[in-house]
Amino acid sequence: MFISRMSRGQGTEADGSSSPISCFPLLLFLMALTPLPSSAFLGRGTLLETQDDVFGIYCAEFDRGTRVWHHREITREAIRRAVVRYFKEVTPEEGTYNHRDGMTLEEAYAEYYGSSTSSKPFLDAVSTLVDAVAEADTGVLGTDPRYHFRSERFSESQQMLEGRWRRALRAANAGDYSGALHLLGLSLAAIQDFYSCTNWVELGNTDFNPDIGIPGKDIKNVASIKERTCKDCPEAADGIGSCHNNILQEILDSKKLTSGYNDDSYVNNRKVEKPKDVDKCSHGGPRDKSGRVGARGGINKDLPTACFSPHHYLHEQAAQQAVRASEYYINLMRGGVGDTTFSRLLGLHPTPALVIVVDTTESMDEELAVLTHSISRLVRQHDSATYPPAEYILVPFGDPSYGPVIRSLQPEDIYTALTKLTAAKGGDEAELSMSGLRLALHHSPPHSQVFLFTDASIKDPELFATVITLALSKSIKNREIPSEFVTTHIIMPVQYGGISGKISLKQDLLQPETNLTSGSTSRNTSSRIRRSSDRRKRQLQSFGKYSELAHRTGGQLIETTFMEVGETARILEAEQYPMAVLRRVSDVTSPQTVKMPVDSLVTVLEVSISGGAVSAVLLSPSGARFDLVADASSLSDDDYTVVVATHYHIQVRINMAQRRKDVGEWTLKFEPINVSSAVVYARTSLDIMPVFYTPDAASSQPSMQRVQGEPSPNMDTYLDIIMTGVDTAGLKHVQSVLLLDDSGQELVLDLPSNSPRRNTYLSLPSQRLPKGRFTVVVSGEDSTGVVFRREGGRVWETVKSSLTFSLGRDIWGPPGSVLTIPVSITNTDTSTATAKTYFITAYDALGSVVSVDHTRLQLGRNETTVVSVRLEINSQVSPHTTNSLLVTATSTQGDTSHTHAHVSVTSLLEDGVPPGCNLVSKSSCDGHLTQSTCSSLQWNAGIYIHDDIALSRIETVPASNPPSVMGMKSTTWNYQAQCCSPHLKVTVYDVSGNVGFCTIYNGDVTDDNGNVKLSKGAIAGITVGSVLGGILLIIIIVLVVIRLRRSKKEDITLRRAARRDDE
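Structure report, in brief. Please read these numbers as outputs of a predicted model, since none were measured by experiment. (Residues numbered from 1 in each chain as written. Predicted model: local features only at pLDDT ≥ 70, side-chain atom pairs only at ≥ 80, totals over all residues. Heavy atoms only, no water.)

### As for the pattern of salt bridges
Next, step 1: Within this structure, the stated rule accounts for 41 salt bridges.
Next, step 2: As a salt-bridge pair, Arg 81 and Glu 77 come within 2.9 Å of each other at their nearest N and O atoms. With a gap of 4 residues between them, Arg 81 and Glu 77 both fall in helix H2 (residues 71-89), about one helical turn apart. For the pair Arg 81 and Glu 77, a shared accessibility class is recorded, and that class is buried.
Next, step 3: One salt bridge connects Glu 872 with Arg 870, and the closest N-O pair in it is separated by 2.5 Å.
Next, step 4: Given the relative accessible area of 36%, Arg 870 is considered partly exposed.
Next, step 5: Residues joined in a network through salt bridges with shared partners are Glu 77, Arg 80, Arg 81 and Glu 327. (Salt bridge = Lys/Arg side-chain N within 4 Å of Asp/Glu carboxyl O. Helix = DSSP H or I, 4+ residues; strand = E, 2+ residues; numbered from the N terminus. Buried < 20%, exposed > 50% of the residue type's maximum accessible area, 1.4 Å probe, protein only.)

Okay, structure coming up:
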């Protein structure tokens, strides 16, 4: 979405032009009409186990054993193939990758990284990408035919894809992986829809179109607007029924492309009508009224049912081509960003990034020294680690400035930057901690470990809701506890797919506590060792905000005395990996006995007690006793590691791989000093990722849409329990799913089946959601019959409003532009007819000038209105920078809904010329093109590669070692290979994101009888074709058995395909 000056120019996404503000009232009028979004393949969740046909779109006689390809299944399969190719081509740091046909995403991941490694970051990235694909079907995006190759808008659809390709590539290269995945998802939606909405399959094409979405490529041979394309199909006159041979024969003979029209399509707020003076194809189906006039019927292949898709019998062929096209596009993205960035984009790297946000004002001189010393040790650890942190990020902040962002794959760069920081200025008590954290969170990849060190309270509390919004958008977790007379750390561990970290708050001037619980130690200001600095000691005036931040993001606040800050900082040096939450106990003041099951899938057990404990003992099932308060030197167990042991924080790890006799119920007994929290973590492949969805039943392409903020108790909601490790865990059953609120009350949800599955959708009618904040807990039995328990890392909050970006969450503009972005807000509180008041805020991640035309609104029950957010992109910001726009709505009752969008800073003049790739010279393989002679000769090719601006990367098939060309305008490359490999495909990328191709052919290798040697792919294709009938029969039998036994079934018809073609 390009919005320049005042409004959005929907028709010119690629070139960045815009339309005036006068279009905005039309948008409001259009939203009042609430058109039905329309696209092609449906997003997800049209067939659920307990409710079956959720949206009533399948024929009664539809065979539930038929495989249905939603966008979700197409995208997941494409990712699986692309990732398997990555695993085959990139040697793992440990062991080898042995691929087996039919491996699922998780099985392939476990084979590459090891069975004990959590696939949560990877599956979270996949889920984010899949939901972005489905998002293109809803709202204004769903009604715009250019997002789906509808209404014969081929050129405009291609232009939009070209522009988004460049933005996605730049976002990934800039490390904004969340933004890049969102943009990639929108593009994959259009690419996949090409095969359902158009007549590409009907033209007899058996493979995908490689030009779709590629910059510089045109879609040729398209039927003109005045050309007849379809004939009447009376069998589907009422929107239900099959249409055979309804595409005109002259269109088929001339191989001309066309696509279907839909009654509810709009471009730039103007309705797109199906031409009345010429017979054009409709999209078709019961929700498309255009299919009932003119040439009736339609050509869509969305579903394999005649009650929704007139060309339902071509659904499988269209889906298979969509899978291959998506795989090709993802691999092209991999080539453009390189393997290192690609692995982080998809969350493949098994260890998180390390992010440090540090206060550099005058009183922080000693903390800077401690941090520098810790990072110096990390430098030594980095080289010996199998998988060191994915990257290292440093963000300093002070008063009145914050930043810049220092980002590197090497810890030496962070160490060097830390040594150059000096503690200075900051004369008042509060500092810009939220500004520093906001900037860091935007640049932090999902699942990062974020550490914030400051001794000051919040000077910019207006950004507090924005920080929470950004944190939750990346699934950030916090652990916090109020502090006095101490240095405080807010720890945000990487649990449910998010960013984690620690915030260190050092308070020098302390207020005595007069009413401590029994057993606690009194503290007063005289016991504090004074700093050498002359700066006035600080009082933490807004400490409660840090505590709230930790609670909202499901974390923990760790305290430590000033004397122990160096010991506490050793948490930075502990090995980091995604960890599941087994049990959490928050803000307790009395002695606790905590029972927690530790199952056979746990390899490392971690116990963290923050706030301090008079005593703390951990008991294993075999009777082993660990005194957590005792000195580390007094513990002789080799399997027990003390990460941190201070007066206010205890963190230990136990290697369960060496203690298999202790699988079972453990007991933690501890007595808090004052207010304490305890969290039990586990390194394990088994974890949960709860995601909320709402059914978008009004769309002409109904599907489940992800809740971008918090769930509302007054809207029908589905909770999708994504379980990682299911494919390899061998679980016996899932026993319960419950929602646990802050008061400890449990709301037990009805399970459709106790069989473990990767996805389980649970229907939550409006009255079933808890009021206030809650977390999700899943329990069951592992393969040995031992109980497992997993908590969702984040804390959810039910809210009574919803926020959406009316024109989608893809926003862009050049430096110096002023963007006006409409945001819809709805009062979802149906419990009262009384109007509710909401306070609206909007900020970005980079500190730009952002304003809202209405900061206070009153809305009646179910009332929706639109506010305008005005974002000024600084003229000094470099093009190709990424940003985040965050909007919140807080009711007078205190609940806050939020949403966020990706912002791309583009160039005023975009380079649209692809790089060149020309063959200069080539030696011959003549006489050496048989299997017995091809290895005896090498052939050479001189290839001239050039670009008007600057080159970026070169990729080849087969893989070779092309020269590094970053920043160069031209180079001549001498390629060499044996004559056994006589073909070469070269893909060239420039810095603007354009792509150029060249293919070199040097004959075909034959056997000694002159028969052309087939490639592995051709042999595989022949083999697959020869046994296709048998495979189909096996699939049908397996599907029937699976359905009867109701075992491990995903949200469509089965947990995974019975067989998949090997790449």
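So much for the structure itself; the text now carries on.
### Overview of the sheet that holds strand E46 (residues 995-1001)
Next, step 1: Strands sit in the order E43-E45-E46 across an open sheet of 3 strands; the sheet is antiparallel. Each edge of the open sheet is held by one strand with a lone partner, namely strand E43 (951-957) and E46. On average, adjacent strands in this sheet sit at an angle of 15° to one another, irrespective of strand direction.
Next, step 2: Pairing between strand E45 (residues 983-990) and E46: 7 bridges, direction antiparallel. Along E46, the bridge assignment pairs Lys 985 with Thr 999. (Pairing = 2+ DSSP bridges. Axes fitted to C-alpha atoms, helices over the stretch in contact; angles between N-to-C directions.)

### Focus on the state of the cysteines
Next, step 1: Applying the stated criterion to the full structure yields 6 disulfides.
Next, step 2: Between the sulfur atoms of Cys 59 and its disulfide partner Cys 307 the distance amounts to 2.0 Å. Because the sign of the S-S torsion sets the handedness, a value of about 110° for the bond joining Cys 59 and Cys 307 places this disulfide among the right-handed ones. Of this pair, Cys 59 sits in the loop between strand E4 (52-53) and H2 while Cys 307 sits in the loop between strand E6 (270-271) and helix H9 (315-345), placing them 248 residues apart in sequence. (Disulfide = S-S within 2.5 Å.)

### Things to note about the sheet that holds strand E24 (residues 703-706)
Next, step 1: Spatial strand order, E24-E23-E25-E28: 4 strands in an open sheet with antiparallel pairing. Each edge of the open sheet is held by one strand with a lone partner, namely E24 and strand E28 (759-764). Sheet twist, expressed as the mean angle between neighbouring strand axes with direction ignored, is 35°.
Next, step 2: Relative to E28, strand E25 (residues 717-724) is paired through 6 bridges, and the arrangement is antiparallel. Bridge assignment links Tyr 718 to a residue of E28, and that residue is Ser 763.

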